[in-house]
Amino acid sequence: MDTQEETGMDTQARKSLGRSFPRIEDAALLTGRGRFIDDLPVGPATAHAAILRSPHPHAAIEEIDIREALAIPGVFAVITGADLVPVTGTLVASVRVPAEARVMATDRVRYVGEPVAVAIAADRYIAEDALDAVRVRYRLLDPVVDPEAALAPGAPVLHEAVGGNLLNERHFSYGDPDAAFAAAARRITVVARYPRNTGAPMETYGVIATYDAHGDSYDVQANFQGPFSIHAVLARALNVPGNRLRLRMPPDSGGSFGVKQGVAPYVVLMAACARLTGRQVKWIEDRMEHLAASVSATNRVTRLDAAVDAEGRILALDWDQLEDCGAYLRAPEPATLYRMHGNMTGAYDIRNVRIRNRLVATNKTPTGLVRGFGGPQVYYPLERLMQRIAVELGLDPVEVTRRNLIPAGAFPYRTATGALYDSGDYRGAFDRALDAGGYASLLERRAAARAAGRLYGIGLAVVVEPSVSNMGYVSTVLTPEERRRAGPKNGAQASATVALDPLGGVSVHVASVPQGQGHRTVLAQVVADEFGLDPADIMVVTDLDTARDAWSIASGNYSSRFAPAVAGTAALAARRLRARLAAVAAGQLNVQVGEVRFAGGRIFAAGNPGNGVSFGRIAAAGHWAPGTIDPELGQTLRETVFWTPPELAAPSDADEVNSSLCHGFIFDFCGVEIERATGRVRIDRYVTMHDCGTILHPAMVDGQIRGGFAQGLGAALLEELAYGDDGAFISGTFADYMLPYATEVPPIEILHEETPSPFTPLGAKGVGEGNCMSTPVCIANAVADALGVAELHLPLTPSRLRALLGEAEPPPANRPAGPVAGEEPRAGARLLRGSGDTSVGAPPATIWAILLDPDELAALIPGAHGVRRVGADGFAAEVTLGVGPVRGRYSASIRLSGLDEPREATLSGTIEGALGGGSGSGRVRLLPEGAGGTRIEYEYEVRIGGRVAAAGDRLLAGASRVVIGAFFEALARRAGGAGARPGFWKRLLRMLGAGR
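Rules of the game
Residues numbered from 1 in each chain as written. Predicted model: local features only at pLDDT ≥ 70, side-chain atom pairs only at ≥ 80, totals over all residues. Heavy atoms only, no water. Helix = DSSP H or I, 4+ residues; strand = E, 2+ residues; numbered from the N terminus. Rg over C-alpha atoms; globule rule 2.2 N^0.38 Å. Buried < 20%, exposed > 50% of the residue type's maximum accessible area, 1.4 Å probe, protein only. Contact = heavy atoms within 4.5 Å. Lys, Arg positive; Asp, Glu negative; His and termini not counted. Charge placed at Lys NZ, Arg CZ, Asp CG, Glu CD. Phe/Tyr/Trp six-rings, centres within 6.5 Å; stacked < 30°, edge-to-face > 60°. Axes fitted to C-alpha atoms, helices over the stretch in contact; angles between N-to-C directions. Parallel < 35°, antiparallel > 145°, perpendicular 65-115°, else oblique. Left-handed = near helix turned anticlockwise from the far one by under 90°. Nonpolar A, V, L, I, M, F, W, Y, C, P; charged D, E, K, R; others polar. Core = buried A, V, L, I, M, F, W, Y, C linked by side-chain atoms within 4.5 Å. Pairing = 2+ DSSP bridges.

(A) Layout of the overall build of the chain. Counting its regular elements, the chain contains 26 helices and 36 strands. Rg of the C-alpha trace for the chain: 31 Å, near the compact-globule value of 30 Å for 996 residues, within the 12% margin. Over its C-alpha atoms, taken along the principal directions, the chain stretches across nearly 110 × 75 × 55 Å. The 996 residues of the chain split such that 60% are buried. Sequence-distant contacts, at least 24 apart, represent 77% of the contacts inside the chain between residues at least 6 apart. Each charge class in the chain was averaged separately, 99 positive and 110 negative side chains, and the resulting centres sit 2 Å apart.

In structure tokens, the structure reads:
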């Protein structure tokens, strides 16, 4: 292939690329005609699956009783981990450690949400009912959730065969960092604890799986996004060759941001269930399952030291990165840790680097790919370090950044750790952004705000955006000797097919599954320009079938590879086909091939436009008159191109790796103000400069930037997949995992530079992940500037900032002083406390009698199916309760103590069900009031664990108040008093899903 074809430097005039054409995709999506995984047709005999998940972060499974569940009409099977062992293997990872990762727990659970059993039934409702009837007996084990604590002596061990929680450790050195630190004027250090967050796409996971017993093969439809290197992992886990696992992706996907790679274990799980039941099996994940148990970005603890001279130039970096990969290391992890390995020096000219990388297991959900994967975790400490250098040396942060940027004449630039930066003018773009974005006026705004006593800060962030990942970068986790034994891995194979039909129509198919980015629009523009057609003339197919379509292990939609690799490969396929069509046309027009032009739907001679024919006539010739085509030209029906750039080599023996092909440039700056009273951050101005090479569709580029900014804003200020010290997952709904609303995303100013990449067919670089990497640290630097603090940890919530301001949030009123007497805390439990009072128009003796009567209680307790007395001081009940989408049947036991008839009593007890359980106690006081009435005062403390605990503190606390309010409303009616406003609690209860 010649250089002209590779770089796209041909003479064909571009008419579509570089213009913001209306998106082809939008008409179907806006009219509800998209075809997502849950829209795909299934047969009438298709079974539906629901997954029972662990309520505990760490426990041994002692017994799973499925007999009651199997007796429910419409339940076909209940499958446990033991059932899967004969038909599935483990999910292999890049690091060989004796820590088996299976798709469902067998003997032990290691995180809240780990699958324990799958119910297969005639519909999802029956399957969920079956889960309520499954009884699991656990023996609780101590959990560990902090990655540093996981490495401490005596920490609970997740995988005994490993001998500890450290799964891998590697040390790297480039240049002479020891000499650089010895000669440096200063050593400056930052410590960053980057939290877990996720993409939270609108559409959750979905799988439709079928097993063919005759061919011992699987046919699976899933909204999987790739990388398709995981196809080999899935086939091995299903114990079949790769050609016996057919993966099909739907035409549309409701977002991903990387996380839909995480559907892979469920592909294996549902495929195995299809095999064991002999039925097609469909599973659609619910929102709470997704938040608790899909994948998250890794939380990472980083210590970063810099050797700097007196002017703030960085002489060396010393990275110590501790990566929390959760309970299991699943492929493609540790991709998040090593994806940025080539560009650990960012946009800066630093020749000496030392790196220590450690992988640790904790009792949290396994990690995976999330937008920007690895970038936010690297750039947060690196850019916080740049600000600290300026502060500690008393220098202007703009000057510190400028002095360290790679000079324009150095490109292509080889970093110390092996990346090859393709093109750029970092200093020029930096200065132009400062000028065009009004940085000088921002300084004036800060000065005026501070003069008025307000908290105002300015932040900067400079990042390099890598795109088109080298498939071999993850192997950097192995030693050179281990890599030699395993064989080289490298490249970024992309594939595209351009085909011509008998009427001269053009269709395009690529091995990339769109998640909303506009693949069809851009591909139509690319191919239309090559053939001189209108984008509306091009048909683009965006679903993918591994049994039918051209693909490779690098296929998929990740690493911002669409514009530089996938669209570029489509251009190459069109160019090759166009060259053959030009030769056919030259013969018919009686001109030289070099004189043939394509434009306006015609093929004609450059010097005589009237000497031409329609594009369709020449394009259809291969179908209607193949005998008229010179056999030496080859066929003119279709062209499939596989393209991988030679710049992506395997890691060297010195551990140097060009981990990505393209490297865009981003410079952000912003001004923020912090409200003293609330700790709220208000973004006053935000400017972002991007060099993503050749811009193919300006509006969609800006859309990617704005979307990345919104996600970066959430990461900076709101979002965290949080766990309690006991392993409880406490961000299980959007009431606790806080996403920014559209109204909370401020307008931003977007600036552009274009330095085309010499390594890609269209000169394009990636732009899909940039502000996810730059925005969190840019905002953090502004907040640090406003508050004058050295250390910040994301997200920068109002409570955290108020604490830094010395205004810590006061504890809630009416909180009991201590834990429930006589109750041991439950592992993975959430603590709820509350108190209240209500008035009832009946005397205390009447209320007392009602509270001790089982039949009366059965009528009062929301969701009760019956109450019976157990002994002299106890009751037992069956109740159905729910919090939002988490609904189940529970067995409750209550005992009475501290009786002072008819004035006071203490109630304590437990509740257990398939979705979790709880324990707690409360004190009730009956006080005479008015003319024969009673004021009932109560306070309670409850610990709740399991899936229901994943609903989150806000929703649980609100639901508990609603349930208790409904109880006292019913009591007031039963006793003949007015009580609460009629129907209010009942309506709220129904809204929360907590009533019958």
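Text resumes after the structure shown.
(B) Seen up close, the packing of aromatic side chains. Applying the stated criterion across every chain yields a total of 18 aromatic pairs. Summarising the aromatic geometry, the rings of Phe667 and Phe669 are spaced 5.6 Å apart at their centres and angled 40° between planes, so their arrangement reads as tilted. With respect to class, Phe667 is no different from Phe669; both count as buried. The interplanar angle of 55° and the centroid separation of 5.2 Å between the aromatic rings of Tyr723 and Phe729 together place this pair among those described as tilted.

(C) Here's a closer look at the packing of helix α12 (residues 375-393) against helix α13 (residues 397-404). Direction vectors running N to C along α12 and α13 enclose 120°, while the axes themselves pass 9 Å from each other. Taken as axis vectors, α12 and α13 run oblique relative to one another. By crossing handedness, the relation of α12 to α13 is classed as right-handed. Across the interface between the two elements, Met386, Ile389 and Ala390 from α12 touch Pro397, Val400, Thr401 and Asn404 from α13. Its residues assigned to classes, the contact of α12 with α13 shows five nonpolar, two polar and no charged.

(D) Here's a closer look at the nonpolar core. Counting 141 residues, the largest nonpolar core has Val207, Val220, Leu269, Met270 and Phe667 as its most contacted members. Considering each element in turn, this core owes the most residues, 10 residues, to helix α9 (residues 264-277). With residues up to four places along the chain from it excluded, the contact list for Val220 reads Val207, Ile208, Ala209, Leu245, Arg246, Leu247, Arg248, Val267 and Ala271. Membership of the second largest hydrophobic core comes to 59 residues, among which are Ala567, Ile629, Cys662 and Met700.

(E) View of the sheet that holds strand β18 (residues 455-469). Pairing is mixed in the open sheet, where four strands are placed in the order β18-β27-β28-β29. Because the sheet does not close on itself, it has two edges, and the strands there are β18 and β29 (749-753). Averaged over all pairs of adjacent strands, the angle between their axes in this sheet comes to 20°, without regard to strand direction. Strand direction decides the pairing type here: strand β27 (residues 660-674) and strand β28 (residues 681-691), joined by 10 bridges, are antiparallel. Each bridged residue has a counterpart across the sheet, and for Ile666 the counterpart in β28 is His690.

(F) Broad picture of the sheet that holds strand β4 (residues 108-109). Strand order in this open sheet of three strands is β4-β2-β6, and the pairing throughout is antiparallel. With one partner strand each, in any of the chains shown, β4 and β6 (135-140) form the two edges of the open sheet. Direction of pairing for strand β2 (residues 59-65) relative to β4: antiparallel, over a ladder of two bridges. In the strand pairing of β4, Ala59 is matched with Val109.

(G) Up close: unusual backbone geometry. Cis geometry marks the peptide bond from Gly226 to Pro227; its omega dihedral reads 10°. Between Glu333 and Pro334 the backbone carries a cis peptide bond, its omega angle lying at 15°. Mapped onto the elements of the fold, Pro334 is located in the loop between β14 (314-324) and α11 (335-338). We note that Asp216 has phi near 45°; this positive angle belongs to a residue other than glycine. Along the chain, Asp216 falls in the loop between β9 (206-212) and β10 (217-222). Looking at Asp216, the relative accessible area reads 27%, which means it is partly exposed. Its identity is not glycine, yet Asp655 carries a phi of approximately 65°, on the positive side.

(H) Focus on the pairing of strand β5 (residues 115-121). With seven of seven residues buried, β5 is to be regarded as a mostly interior element. Pairing of strand β1 (residues 47-53) with β5 involves six bridges; the strand directions are antiparallel. The partner of Ala50 across the bridge, within β5, is Ala119. Here strand β3 (residues 75-80) pairs with β5 via five bridges, running antiparallel.

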